[in-house]
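# Observations on the three-dimensional arrangement
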Amino acid sequence: MIEARSLEYNYAGGVQLNYPDITCERGTTCLLLGASGSGKTTLLHMLAGILSPSKGSIIFDGKDVVKYSKKEMNSFRGKEIGIVFQRPHFVNALSVIENLCLAQRLAGLTVDKSKAKDLLDRLNIAQKANVSVKALSQGEKQRVAIARALINSPALILADEPTSALDDTNAKEVLALLQDVAKESNASLLIVTHDNRLTDVIKNQVTLDIQQVKTERS
Amino acid sequence: MKGLNNFFYFFFSFTWKNLFSRPLNLLLNLILFALGVGLISLLLLINTQVTDKMENNFAGIDLVIGAKGSPLQMVLCNMYHIDPPTGNISTENAKPYLNPDHPLIGNAVPLSIGDNYKGFRIVGTNEKIIELYNAELSEGKMWRGGMEVVVGDRAAKDAGLKIGDRFKSSHGLSNDIGMEHDDAADFIVVGILGKTNSVIDQLILCDTRAVWAVHDHDHEDHDHDDHAGHDHDDHEGHDHDDHAGHDHDDHEGHDHDDHAGHDHEGHDHDDHEGHDHDHSEYIEEKPFWEETGQEITALLVQFRNKKNFRALNLGRNINENTDLMAANPAYEVLKLQGNIGIGVDMMRIIAMIIVFVSALSVFFSLVNSLKERKYELALMRSMGASRLLVFSLIMIEGAFIALLGYGIGILLSHGGMNIFASMLEEEYRYGFESWIFLKEEFYMLGAVILIGLLAALVPAMMASTSDISTTLSEE
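Everything numeric in this text was worked out from a predicted model, so none of it was measured.

This part is about the pairing of strand 10 (residues 203-207) of chain B. All names here are of chain B. Across the 5 residues of strand 10, 5 count as buried, placing the element largely inside the fold. By the bridge criterion, 5 bridges tie strand 4 (residues 120-125) to strand 10 in an arrangement that is parallel. By the bridge assignment for strand 10, I122 is matched with I204. Relative to strand 10, strand 6 (residues 148-151) runs antiparallel, the two being bridged by 3 bridges. Residue pairing across strands places V149 opposite C206, the latter belonging to strand 10.

Now the structure itself:
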């Protein structure tokens, strides 16, 4: 379970963002909604351990992640967090399967090729395992990105606008896929989006209000 | 252990794949590194071996005396056997310096140069040349006159000469076809020298008179009967008593009894039918320098006392007061090395500039590649990679390019040396090694990897310190 308590982030320009509390149980899906500029990506990065909040705590299975050392943070990111970025990016010099194995290795886990293959199989792209990631179509890239986010069986899956570039059918399919695997591995799924197609399906929603953006006394 | 192996394998394959994903960049960097490294290594190889050869062949020679001309040429011809002679000197002129009682000269080795066998010079001389180069017979015995020859190690191997072999010499110093002394008597191999790493390895040595015999024959167009009458009649009836009257002090250690009982079995005298040989051929005649109207090429001189100022002035005296020329080999070689040195230094500077440019090139291509890979590296960080890991990956790329470039450069230089060596061998019969590795080359390996790491340092720092969040937010 992940809980964010009274998170605050100060930008370099003196702009301060306050975030509403968030709770996302394991095995459930939670939507983070908000207009552009409401600090959605910043929140995602804080939850992913990429960015440190100025104030507040992120409780992950009872531990405050904010207090982690750099080393603990690296390991935490690799093992417990799976991120699906808005636009799928990979290490371009490597093949699909190598990219998945890289995720295992960077997290400090043993490389398990068969697990990677199984996952690709589940996502219907097993035939592309040894293809260079540069040769994939946009849809295939999206699937590989999901596979990579799931390869280490993380406790928290963060997805940044995973459906914004997709048509209705594909958007539905990707959502189903994410929810399926999250439920299967008992992970929390947190989707950052402004895609209204998702709001109808997922009940647990937190809206980031632009009003919460405050400018500090100059 | 397996984990560690995996770890190295990961670094290696990751670096390799990343470098290979930009093949043209990699190629440029490798070519530059290989050029720089190859040039430096080639210079080292040539310079070390040429210097070694020059020094090995000094052989304690203080003075070379020969015909007037270029002193350097005389030194190169008579000590290194790579240039043609400046000319010949008459025995009359050479005689004073060959006198064993000369107050300043301790040792004078005559050389008569002009013929070759398969490109190996045949040198008419005396047995003192063996001591001069610290050579020893590995097989057979010393020549005792006539057409007997003792062959240097390399000459024996490369020309395929064995004890008992007979061959005809060719006029000139290179292996030109059609220059054989067809009418002259065969040379007979009686001894083979052990390896000395000096120039004597590539020489075929015989008595001074043997060279004269070949040439008298040629030039005066003697027929065999004439020839038979020519030298040998003079010597017939030459007996030990006569000889005894001769100055035996000159020939200390020369055992005449042994000589008389010399075993000629196995010598094929049939070839010499009509020559009317008898054993007088092997009996010491009067010293060759007593012969008039003959010529030798040069004398290699060692002083009795190298510090004697009169000895040091001997060369100048010869040059000023006689028709001969004397040259100090150390001085001539130093001058030559000085001249070559300028070229070598220039090449070395060029090579270092190339290495510097290759470092710059690696630096620029890494910085450039970071622009493309910035997102990729941030992504890796988001997946748990530490700053140190990202830093190391970039550093290893720099070192890897340098190492690979070094490897190619070393291969190129040694391969080039191989070709160069065979050219030199063809031309001068000097053997050069192409697959020896100098300690300087190992130092260079360290230096080159350091340069690669240095070139990667700034890009690696840029990569490891970039803000992940900012990079990932950029689209």
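For the structure on display, the rule yields 24 salt bridges over all chains. Salt-bridge contacts for K306 of chain B lead to D62 of chain B; the nearest nitrogen and oxygen are separated by 2.9 Å. Residue K306 of chain B is located in the loop between strand 12 (298-303) and helix 11 (309-321), and its partner D62 of chain B is located in the loop between helix 2 (23-56) and strand 1 (63-67); the two are separated by 244 residues in the primary sequence. For the salt bridge of R373 of chain B with E397 of chain B, the shortest nitrogen-to-oxygen distance reads 2.9 Å. Here R373 of chain B, found in helix 12 (residues 329-382), pairs with E397 of chain B, found in helix 13 (residues 387-428); they are 24 residues apart in sequence, far enough to count as distant. The same class applies to R373 of chain B as to E397 of chain B, namely buried. Shared partners join several salt bridges into a network, and the residues in it are E3, R5 and D21 of chain A.

What follows covers the packing of aromatic side chains. How two aromatic rings sit relative to each other is set out by the distance from centre to centre and by the angle between their planes. All names here are of chain B. Within the structure shown, the criterion is met by 14 aromatic pairs over all chains. Ring plane angle 25° and centroid distance 5.5 Å describe the contact between F167 and F187, whose orientation is recorded as stacked. Pair noted here: F167 is in strand 7 (residues 166-167) and F187 is in strand 9 (residues 187-193), with a separation of 20 residues, a long-range link. Grouping residues by exposure puts F167 and F187 together as buried. For K53, the ring lying beneath its charged end belongs to F432, and the centroid distance is 5.4 Å.

Counting residues at the interface gives 23 residues for chain B and 24 residues for chain A. Contact between chain B and chain A buries roughly 2,100 Å² in total, counting both sides, with carbon and sulfur atoms accounting for 64%. Taken together, the links from chain B to chain A amount to 1 salt bridge. Across the salt bridge formed by K17 of chain B and E98 of chain A, the nearest N and O atoms sit 2.3 Å from each other. Mapped onto the side of chain B that touches chain A, the elements with two or more residues apiece are helix 1 (2-20), helix 12 and helix 15 (468-473) of chain B.

In this section: the nonpolar core. Membership of the largest hydrophobic core comes to 120 residues, with the highest contact counts inside it found for I129, I130, Y133, L205, L300 and M380 of chain B. Ranked by the residues each element gives to this core, the list is headed by helix 13 of chain B, at 13 residues. Residues within four places of I130 of chain B in sequence aside, it is in contact with A135, M142, W143, L193, I200 and L205 of chain B. Judged by nonpolar contacts, the second largest core, of 37 residues, contains Y19, A48, I50 and A155 of chain A.

Residue and element names in this part refer to chain B. It is the contact of helix 12 with helix 13, at a shortest axis distance of 12 Å, that shows an interaxial angle of 150°. The orientation of helix 12 relative to helix 13 falls into the category roughly antiparallel. Regarding helix 12 and helix 13, the two cross each other, and that crossing is right-handed. Contacts between helix 12 and helix 13 involve V362, L366, L370, R373, L377, M380 and R381 from the first element and R387, V390, L393, I394, E397, G398 and I401 from the second. Looking at the contact of helix 12 with helix 13 residue by residue, the classes come out as 9 nonpolar, 1 polar and 4 charged.

Calculation criteria
Residues numbered from 1 in each chain as written. Chains lettered and ligands numbered in written order. Predicted model: local features only at pLDDT ≥ 70, side-chain atom pairs only at ≥ 80, totals over all residues. Heavy atoms only, no water. Buried < 20%, exposed > 50% of the residue type's maximum accessible area, 1.4 Å probe, protein only. Helix = DSSP H or I, 4+ residues; strand = E, 2+ residues; numbered from the N terminus. Pairing = 2+ DSSP bridges. Salt bridge = Lys/Arg side-chain N within 4 Å of Asp/Glu carboxyl O. Phe/Tyr/Trp six-rings, centres within 6.5 Å; stacked < 30°, edge-to-face > 60°. Lys NZ or Arg CZ within 6 Å of the ring centre and 35° of its normal. Contact = heavy atoms within 4.5 Å. Buried area = accessible area lost by both parts, 1.4 Å probe. Core = buried A, V, L, I, M, F, W, Y, C linked by side-chain atoms within 4.5 Å. Axes fitted to C-alpha atoms, helices over the stretch in contact; angles between N-to-C directions. Parallel < 35°, antiparallel > 145°, perpendicular 65-115°, else oblique. Left-handed = near helix turned anticlockwise from the far one by under 90°. Nonpolar A, V, L, I, M, F, W, Y, C, P; charged D, E, K, R; others polar.

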